[in-house]
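Okay, here's what each chain looks like letter by letter:
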Amino acid sequence: MLKASDADAQKRILKLRTEITRLRELYHIKNDPSVTDDVYDSLTRELRELENRYPEYRITDDPIKRVAGRALDAFVKVTHASRMLSLNDIFSVAELEVWAERMNKLLGRQTISYFAELKFDGLAVTLNYDNGRLVTAATRGDGFVGEDVTQNVSMVPDVPVVLEAPFPKKIEVRGEIVMSKKTLFALNKIQEREGKPLFANTRNAAAGGIRQLDPETSRSRKLNFFAYDIASISDDFGRTIRRHSDKHRLLASLGFPMSNLEEKCATLADIEKHISKIEKARPSLPFGTDGVVIAVDDLGMQDELGVVGKAPRYAVAFKYPAEKATTQVLDITVQVGRTGVLTPLAHFKPTLVAGSTVSKSTLHNMDQIERLDIRIGDTVVIQKAGDVIPEVVEVLAGLRTGHEKKFAMPKKCPECGGEIEKRSTGGKLEKSAQAGISQEDQSVAFYCTNAQCPARNIRGMEHFVKALDIYEVGPKILERLKDEGLITDAADLFMLTEADLSGLERFGEKSAKNIIENLELKKNPPLDRFIVSLGILHVGEETARDLAKHFSTLENIIKASNNTLPRENTTAISNFEAIENIGPLVAGSIVSWFAEKHNRDFVQKLLDNGVVPEKFVAPKGDKLEGKIFVLTGTLPTLSRDDVKKMILAHGGKVAGSVSKNTDYIVAGESAGSKLAEAEKLGVHVLDETGFLKLLK
Ligand code: IVH
């Protein structure tokens, strides 16, 4: 286990500074998308925290105190008449409250009103107009000196080359060059076709479209522009402008495109409302946004509050929860699954990603560890998109100290000491067949070969109760029952009596009754669920349904698996291979499962204990035959399980992620990145009502 000591802090600070500087160079100067804002923010936050704890290691020329970017040599440099500032970020409502409280304190008794607007995710530019004509356009650069990009910016149709009258004699407008999600998608399609690298996000594509030397490229990128501020204005108009909101009104009247997601807010509660409104709208907005800019509306108050360092006091950027963050790998342990497969598990320094704390994640297999070269002690980027399980996506090798430790698979099973075997797995065959997800490469996995391994046994039981929806018996109860010697396998559950359970310490009579009643109710599962519950390798819900449909009864399946020629199982295997969607790997797995005596005994024991699957009945309808659905977010009345069952009952399929084969996405409240992805791909989006209509 990795232990951090105070002595390591200084080293870490130095490493972080170097890495942050490197990332800034890449990102802002070379438009390299290899790092996202979230990662950068996460590292700077760590550096800031460390510097607060160890002020003695602070330096004056700290990279995080400078505005990112530097003018490219290829462009003519322009000195900005007034500095292009940056904004301080806040990440929660609590931080917003702290900021507003400070505004109150600094401004005394005055009533403050605010203005909240979208934070656009593109390239900041400043536009100078003389007598209503665009004379110069420049990038931010380091905030003082930027690049002259007038030619390129003139190619953006949204940027007025001539202002609508009446206009001021002079005005300097600030805003953001952006690219719509749709345009990015189309652009990347072309890049792909031409074998060129893809753009990671709309911001890189927008910035790259301006910060290059050919105006034709700027035009072809189909960029957009939104104005958000007036840096200076001649007196003829200046007098009428008292508030930030006045600026927005004037900008609109001069012909600048403005976002309609902006609002004057009288109270903190109004700001919070606006923030959540945008959060909901975010996935379906045509343009990317990573937050909301909140400013004190009154310009007199803004002056009073002033600027500290590179950012004004009077405005902040509220950033939505990061989907990526950095953390350190404290340890890598191994988990034993129901099939005996050993899965490495990374333990992290707990960190906040997309609104929840992440302290561990699976590393899947050795291939993954080797591909990413993850070592104990490494700083890694973890990602958690919407309701997706967190995963490590990258190692920041630049932050290594040399003390990182490579992980090796144990030679014996960590749970039972059993022999470990290396096997090649066939990839996720079932998944690829069901959802058109590209088939994974063959990969190797390590297995505990001991069929009696207690960890395998308990995982198998967990799988069983989940497959049969026996909600009352969770992993903790299973463990307890096993420890008490009441069960040795899942079939034993059905022999339990209320007396067995209520005799246990800290086990209420009511819950005992509940469990027994529930088990009784689950004794006649649909055949496909029964097959799933057996936990046959490669046989998931989809294959189980195919089997149930084909054979209709358990007896038929057993017969088919037993129909064996001496020595070779070829006949049995071909009985299964003949079924649509079932290939040799899955067929072989089914036959070898039934070939094992203890598995056959287990099935017999279930039957003896009264667990008898129902004969398979064809789905209610085929309205959704062949249609692939993806579910995301929370629906008003139906649970995810309900929707899934309804889809399956009507012949449709449910996939875990959106691809070009997805027919519909059913999206509810707090839908995450899946919805955005679906919209990008033009997949039909349904709400609950829309979904129910489909079944009528
Ligand atoms: S500043 C008084 N507003 O954020 C408040 N900046 O400016 C002035 N940015 O990199 C408003 N959207 O490119 C402001 N609506 C917005 C913005 C915005 C994006 C970016 C800008 C710059 C940074 C700080």
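Residues numbered from 1 in each chain as written. Predicted model: local features only at pLDDT ≥ 70, side-chain atom pairs only at ≥ 80, totals over all residues. Heavy atoms only, no water.

**Student:** Give me the pairing of strand β15 (residues 342-353): which residues, what numbers.
**Tutor:** Both strand β14 (residues 324-336) and β15 contribute to a ladder of 7 bridges, which runs antiparallel. Note that in β15 the partner of Asp331 across the bridge is His347. In this antiparallel pair of consecutive strands, β14 and β15, the connection spans 5 residues, and Gly340 shows a positive phi of 95 degrees. (Pairing = 2+ DSSP bridges. Helix = DSSP H or I, 4+ residues; strand = E, 2+ residues; numbered from the N terminus.)

**Student:** I'd like a rundown of the packing of helix α3 (residues 93-107) against helix α10 (residues 268-281), residues and numbers included.
**Tutor:** Where α3 meets α10, the axes come as close as 11 Å, and the angle between the chain directions of the two elements is 145 degrees. Helix-helix and strand crossings are classified by hand; for α3 and α10 the assignment is right-handed. On α10, the residues touching Val93, Leu96, Glu97 and Ala100 of α3 are Leu268, Ile271, Glu272 and Ile275. Within the contact of α3 with α10, the residues separate by chemical class into 6 nonpolar, no polar and 2 charged. (Axes fitted to C-alpha atoms, helices over the stretch in contact; angles between N-to-C directions. Left-handed = near helix turned anticlockwise from the far one by under 90°. Contact = heavy atoms within 4.5 Å. Nonpolar A, V, L, I, M, F, W, Y, C, P; charged D, E, K, R; others polar.)

**Student:** Can you tell me about the pattern of salt bridges, naming the residues and giving the values?
**Tutor:** Applying the stated criterion across every chain, the model contains 33 salt bridges. Between Lys605 and Asp492 there is a salt bridge whose closest N-O contact spans 2.9 Å. Of this pair, Lys605 sits in helix α23 (residues 597-608) while Asp492 sits in the loop between α15 (475-483) and α16 (498-502), and the two are 113 residues apart along the sequence. A salt bridge links Glu677 to Lys680, with the shortest nitrogen-to-oxygen separation between them at 3.7 Å. (Salt bridge = Lys/Arg side-chain N within 4 Å of Asp/Glu carboxyl O.)

**Student:** Got a sec to walk through the site of the ligand? Specific residues and values, please.
**Tutor:** Close to the ligand lie 17 residues, the nearest being Glu117, Leu118, Phe120, Glu176 and Tyr228. The side chain of Glu117 places a nitrogen or oxygen atom 2.9 Å from a nitrogen atom of the ligand. For the ligand, an oxygen atom lies 3.2 Å from a polar atom in the side chain of Tyr228. Looking at the shell around the ligand, the elements that each hand over two or more residues are β3 (114-120), β8 (224-233) and β10 (289-296). (Near = heavy atom within 4 Å. Polar contact = N/O pair within 3.5 Å; in protein donor to acceptor, adjacent residues only side chain to side chain.)

**Student:** Break down the sheet that holds strand β21 (residues 628-632) for me, with residues and values.
**Tutor:** The strand order β22-β21-β23-β24 describes an open sheet built from 4 strands, whose pairing is parallel. Each edge of the sheet is formed by a strand with only one pairing partner; in this case those strands are β22 (653-655) and β24 (684-686). For this sheet the average axis-to-axis angle between neighbouring strands, irrespective of direction, equals 35 degrees. Note: β21 against strand β23 (residues 664-667), 4 bridges, orientation parallel.

**Student:** Can you break down the sheet that holds strand β7 (residues 170-178) residue by residue, with the values?
**Tutor:** The strand order β5-β4-β7-β8 describes an open sheet built from 4 strands, whose pairing is antiparallel. With partners counted over all chains shown, the strands left at the sheet margins are β5 (133-139) and β8, one partner each. Neighbour-to-neighbour, the strand axes of the sheet open up by a mean angle of 30 degrees, direction not taken into account. Sheet topology note: the strand β4 (residues 123-130)/β7 ladder contains 8 bridges and is antiparallel. By the bridge assignment, Leu127 is partnered in β7 with Val173. Together, β7 and β8 form the strand contacts of helix α9 (residues 244-253), whose direction differs from that of β8 by roughly 120 degrees.

**Student:** Explain the confidence of the model for the protein chain to me, and be specific about the residues and the numbers.
**Tutor:** Model confidence for the protein chain is summarised by a mean pLDDT of 88, while 91% of its residues fall at 70 or above. In this model, residues 427-441 is a region of pLDDT below 50 whose contacts with residues beyond four sequence positions or in other chains number 30 contacts. (pLDDT = per-residue confidence, 0-100.)

**Student:** Tell me about the nonpolar core, and please be specific about residues and values.
**Tutor:** By size, the foremost hydrophobic cluster in this structure holds 52 residues, and its most contacted members are Phe464, Leu493, Leu501, Leu534, Leu547, Phe576 and Leu606. Top element by residues in this core is helix α22 (residues 584-595). It accounts for 6 residues. Those residues within four positions of Phe464 in sequence are excluded, and the remaining contacts are Ile470, Ala490, Phe494, Ser533, Phe602 and Leu606. (Core = buried A, V, L, I, M, F, W, Y, C linked by side-chain atoms within 4.5 Å. Buried < 20%, exposed > 50% of the residue type's maximum accessible area, 1.4 Å probe, protein only.)

**Student:** How would you summarise the state of the cysteines if you had to cite specific residues and measurements?
**Tutor:** A complete count under the given rule lists 0 disulfides for this structure. Of all cysteine sulfurs in the structure, the one in Cys416 sits closest to Cys453, which takes part in no disulfide; the separation is 3.7 Å. (Disulfide = S-S within 2.5 Å.)

**Student:** Any details on the pairing of β10? Residues and values, ideally.
**Tutor:** Within β10, 8 of the 8 residues are buried, leaving the element largely enclosed by the surrounding structure. Where β3 and β10 come together, 7 bridges link them in antiparallel fashion. Residue Leu118 lies in a different strand from β10, and its bridge partner there is Val292. Sheet topology places β10 next to strand β13 (residues 315-319); 5 bridges connect them, and they run antiparallel. Bridging from a neighbouring strand, Ala295 pairs with Ala315 of β13.

**Student:** Describe the environment of Ile275, and please don't skip the residues or the numbers.
**Tutor:** The residue Ile275 is located in helix α10 in this model. Sequence separation between Ile275 and Ile294 is 19 residues, and the spatial gap between their C-alpha atoms is 9.7 Å. In this view, Ile275 contacts Leu96, Val292, Ile294, Phe318 and Tyr320; residues no more than four positions away in its chain are not counted.

**Student:** Residue-level account of the packing of aromatic side chains, with values.
**Tutor:** Given two aromatic rings, their pairing is described by the distance between the two centres and the angle made by the two planes. Using the criterion set out here, one finds 13 aromatic pairs in the structure. With a centroid separation of 6.2 Å and an interplanar angle of 75 degrees, the aromatic rings of Phe464 and Phe494 are classed as edge-to-face. Here the residue Phe464 occupies a position in helix α14 (residues 454-467), and Phe494 occupies one in the loop between α15 and α16, the gap between them amounting to 30 residues. The pair Phe464 / Phe494 is uniform in exposure class, with both members buried. A ring pair is formed by Phe551 and Phe576, whose centres lie 5.4 Å apart and whose planes are at 55 degrees; its orientation type is tilted. Residue Phe551 is located in helix α19 (residues 541-551), and its partner Phe576 is located in helix α21 (residues 570-577); the two are separated by 25 residues in the primary sequence. For the pair Phe551 and Phe576, one class covers both residues: buried. Feature note: the residues Phe120, Phe226 and Phe287 constitute an aromatic cluster, connected by ring pairs. Sitting over the ring of Phe91, Arg45 keeps its end group 4.4 Å from the ring centre. Across from the ring centre of Tyr447, 4.2 Å away, lies the NZ or CZ of Arg423, which sits over that ring. (Phe/Tyr/Trp six-rings, centres within 6.5 Å; stacked < 30°, edge-to-face > 60°. Lys NZ or Arg CZ within 6 Å of the ring centre and 35° of its normal.)

**Student:** Residues and numbers for helix α2 (residues 37-53), please.
**Tutor:** The end-to-end C-alpha separation of α2 is 24 Å, in line with the 24 Å expected for 17 residues at 1.5 Å each. All buried positions along α2 are accounted for by Asp37, Val39, Tyr40, Asp41, Ser42, Leu43, Thr44, Glu46, Leu47, Leu50 and Glu51. (Expected span 1.5 Å × (residues − 1).)

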